[in-house]
Amino acid sequence: MYNGAILIGASESRSADTFNAINPATGESGDVAFSNAGPADVAKATTLAAEAFQTFSTLSLEARATFIETVAANILAIKDDLVATAMAETALPKPRLEGETGRTVGQLRMFATEVRAGLWLDATIDPAMPDRAPLPRADLRRLNVALGPVAVFGASNFPLAFSVAGGDTAAAFAAGCPVVVKGHPAHPGTGELVARAIQQAVASCGLPEGVFSYLPGTTNELGGALVADPRIKAVGFTGSRGGGLALVKIANQRDEPIPVYAEMSSINPVVLLPGALASRAEALGPAFVGSLTMGAGQFCTNPGLVIAIDGPDLETFVASAAKALTAAQPAVMLTPGIHASFERGVEELASHAAVTTVARGCVGEGVNQAVGALFTTEAAKFEADVALSHEVFGSSSILVRCKDIAEIKAVIANLEGQLTATIQSEASDNDAAAELLPALQAKVGRILFNGWPTGVEVTHAMVHGGPFPSTSDGRSTSVGTLAMARFLRPVCFQDTPDALLPAPLQAANPWGITRRVNGALEQAK
Ligand SMILES: O=CCCC(=O)C(=O)O
């Protein structure tokens, strides 16, 4: 159960300053008083994290993987409680939250497997060449090491998979970094339940208590203090552009600037090519609306922009999408604030002189409900006002009508960085797709064909990232095993005595991992 505590290392404490969870479906406050953590809590948590770092970052691969698997098992053990709590705090439906629990547990297990495989260490050995002329070469051995304690900011829209034990935390643990989580106030009970599951795993695995702390709170000051704390060495964040940029600024103003991996805003363009429209315009409509309205549109992969060449086939798509959207039920949004901001964004588009409303979803009785919205405009008008390409977080999308492929290309070229781009195409569209691909590749982290952007697989090849402002650092991903790289840095040992080298670099390869020796792969034993 949860009681509103702050969890620092193995201990729990409370503050006089409290807040309550709000059920967005009713607008009612919950009974539990959740503590707002303060600057003293930040200092305690980061001090413990710094103390835990040396031990945690040098654990054997097996011990670290076992810890991550224990976190997964502890979360699975409280699944029913977790899902019920998250339903009350987020209004997300049960199947979605059950699925998200599975994704969270699966994600943790995948990182445990990745830790054991040891490839992420990138152990690389260039043996000495004492006889090389004109100069001998020193013995050079490189591996990746953990950065240090990481601050993780949970997201509002994925209370499990992008929150306390979500991808950022899993990746940081896998890399060997202690984690201090700033809990999201939109789902504090859910956050605390997961935090307790991690706290128990730290204890049962016999790890230093500072490997994990959980700081609930509503204030920007709390997040700011965490990022400014000199013991924190990297930050993972999923949320708004304003929030992410504020953290980037704080991190850059520190005496020692640190990386902030903020996933922020994206409208995920979908290009409908002529062949696809000719062969399946009717079917594309409801499929698009399904992706648009999924989870009340509160996905950072939500298809907020559709681009296509004007004509009768596009009209068929528009009519079909409008029919599906008109029948779409409203859905409760995560918080009253998110709902208010969605309403504002939709209203701005609806009242824009260059924009026509194509369709709206069904209006419901309850509070904080998103009513889906589809708008349309022409390419020249879209390009004339950058506001038309700003993200409206929720089930809102704008269709941009173009004259030809060249105009589609120009629209793409003027977009900001995005998480995803989708191409709906048939074989007859291959030339057009080939023309657009370089422009899309320059703008996004993931390009998908004949699917929809919502629903990110957690795999080794996944990239859930992209150029600014989809993220603050487009060189990485927040989903998939590559996410560990954000919390690692390379160190090279030169002419170091074998007994003093980290195990992965020692001559006998005691961990039996795959290494690169003299440029060639030496397979795991
Ligand atoms: O909201 C951001 C994450 C989106 C995602 O993971 C998904 O679409 O599955």
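Treat the numbers as computed from the prediction; the structure is a model and nothing was measured. (Residues numbered from 1 in each chain as written. Predicted model: local features only at pLDDT ≥ 70, side-chain atom pairs only at ≥ 80, totals over all residues. Heavy atoms only, no water.)

Note: strands within a sheet are paired through backbone hydrogen bonds, in either parallel or antiparallel orientation. Pairing is mixed across the open sheet formed by five strands, whose spatial order is E23-E8-E7-E24-E25. Strands at the two margins of the open sheet, each flanked by one partner only, are strand E23 (488-494) and strand E25 (520-522). Averaged over neighbouring strand pairs, the angle between their axes works out to 25° when direction is ignored. Pairing of strand E7 (residues 124-126) with strand E8 (residues 140-146) involves three bridges; the strand directions are antiparallel. For aspartate 126, the partnering residue across the bridge sits in E8 and is leucine 140. (Pairing = 2+ DSSP bridges. Helix = DSSP H or I, 4+ residues; strand = E, 2+ residues; numbered from the N terminus. Axes fitted to C-alpha atoms, helices over the stretch in contact; angles between N-to-C directions.)

Taken domain by domain, the chain consists of domain 1 (37-128 + 137-264 + 476-486) and domain 2 (269-449). A separation of 33 Å is found between the C-alpha centroids of domain 1 and domain 2. Counting residues at the interface gives twelve residues for domain 1 and twelve residues for domain 2. The junction of domain 1 with domain 2 conceals about 900 Å² of combined surface from both sides, 59% of it contributed by carbon and sulfur atoms. Among the residues domain 1 hides against domain 2, the three largest losses belong to Asn157, Arg241 and Glu263. Together they make up 39% of the total. Inspection of the domain 1/domain 2 interface yields one salt bridge. Note that arginine 241 and glutamate 416 form a salt bridge whose closest N and O atoms lie 2.9 Å from each other. Between domain 1 and domain 2 we count two residue pairs in polar contact (both at pLDDT 80 or more) in total. (Domains from an automatic or database assignment. Contact = heavy atoms within 4.5 Å. Buried area = accessible area lost by both parts, 1.4 Å probe. Salt bridge = Lys/Arg side-chain N within 4 Å of Asp/Glu carboxyl O. Polar contact = N/O pair within 3.5 Å; in protein donor to acceptor, adjacent residues only side chain to side chain.)

A few words now on the side chain of arginine 64. With respect to the helices and strands, arginine 64 occurs in helix H2 (residues 61-77). The side chain of arginine 64 sits in the buried core without any salt bridge; glutamate 114 is the nearest counter-charge, 11 Å away. Within the structure, the side chain of arginine 64 is placed 2.7 Å from the backbone oxygen of alanine 174, a separation counted as a polar contact. In this structure, arginine 64 is in contact with Phe56, Ser57, Thr58, Leu59, Val115, Trp120, Phe173, Ala174, Ala175 and Gly176, ignoring residues within four places of it in sequence. (Buried < 20%, exposed > 50% of the residue type's maximum accessible area, 1.4 Å probe, protein only. Lys, Arg positive; Asp, Glu negative; His and termini not counted.)

Moving on, we get to the layout of surface pockets. Within this model, the largest pocket holds a volume of roughly 1,000 Å³. Breaking the lining of the largest pocket down by element, the ones donating at least two residues are helix H7 (220-228), strand E12 (234-238), helix H8 (241-253) and helix H11 (336-350). Per-element accounting of the lining of the largest pocket gives the leading share, six residues, to H8. Residue classes in the lining of the largest pocket are distributed as twelve nonpolar, 19 polar and four charged. Counting contributing residues per domain, the lining of the largest pocket is built from domain 1 (37-128 + 137-264 + 476-486) and domain 2 (269-449), each supplying no fewer than three. Each pocket or cavity is described by its volume, and for the second largest pocket that value is around 330 Å³. If you trace the second largest pocket, you find 20 residues lining it, with Ser57, Thr58, Leu143, Val145 and Pro502 closest to the centre. At the level of elements, helix H1 (39-57), H2, E8 and E23 are the ones that each hand at least two residues to the lining of the second largest pocket. (1 Å grid on protein atoms, 1.4 Å probe; cavity = no way out; pocket = protein on both sides within 12 Å on 5 of 7 lines; lining within 4 Å. Points joined across faces, edges and corners; volume = space filled by probe spheres on them. Nonpolar A, V, L, I, M, F, W, Y, C, P; charged D, E, K, R; others polar.)

This part covers the site of the ligand. For the ligand, the full set of nearby residues is Arg103, Asn157, Phe158, Phe162, Phe299, Cys300, Thr301, Thr454, Gly455, Val456 and His464. Threonine 301 places a side-chain nitrogen or oxygen 2.7 Å from an oxygen atom of the ligand. Valine 456 places a main-chain nitrogen or oxygen 2.7 Å from an oxygen atom of the ligand. Out of a free accessible area of 280 Å², the ligand has 99% covered by protein chains. Split into classes, the residues belonging to the shell around the ligand amount to five nonpolar, five polar and one charged. Built from parts of two domains, the shell around the ligand gets at least three residues from each of domain 1 (37-128 + 137-264 + 476-486) and domain 2 (269-449). (Near = heavy atom within 4 Å. Areas by Shrake-Rupley, 256 points an atom, 1.4 Å probe, with all protein chains shown as cover.)

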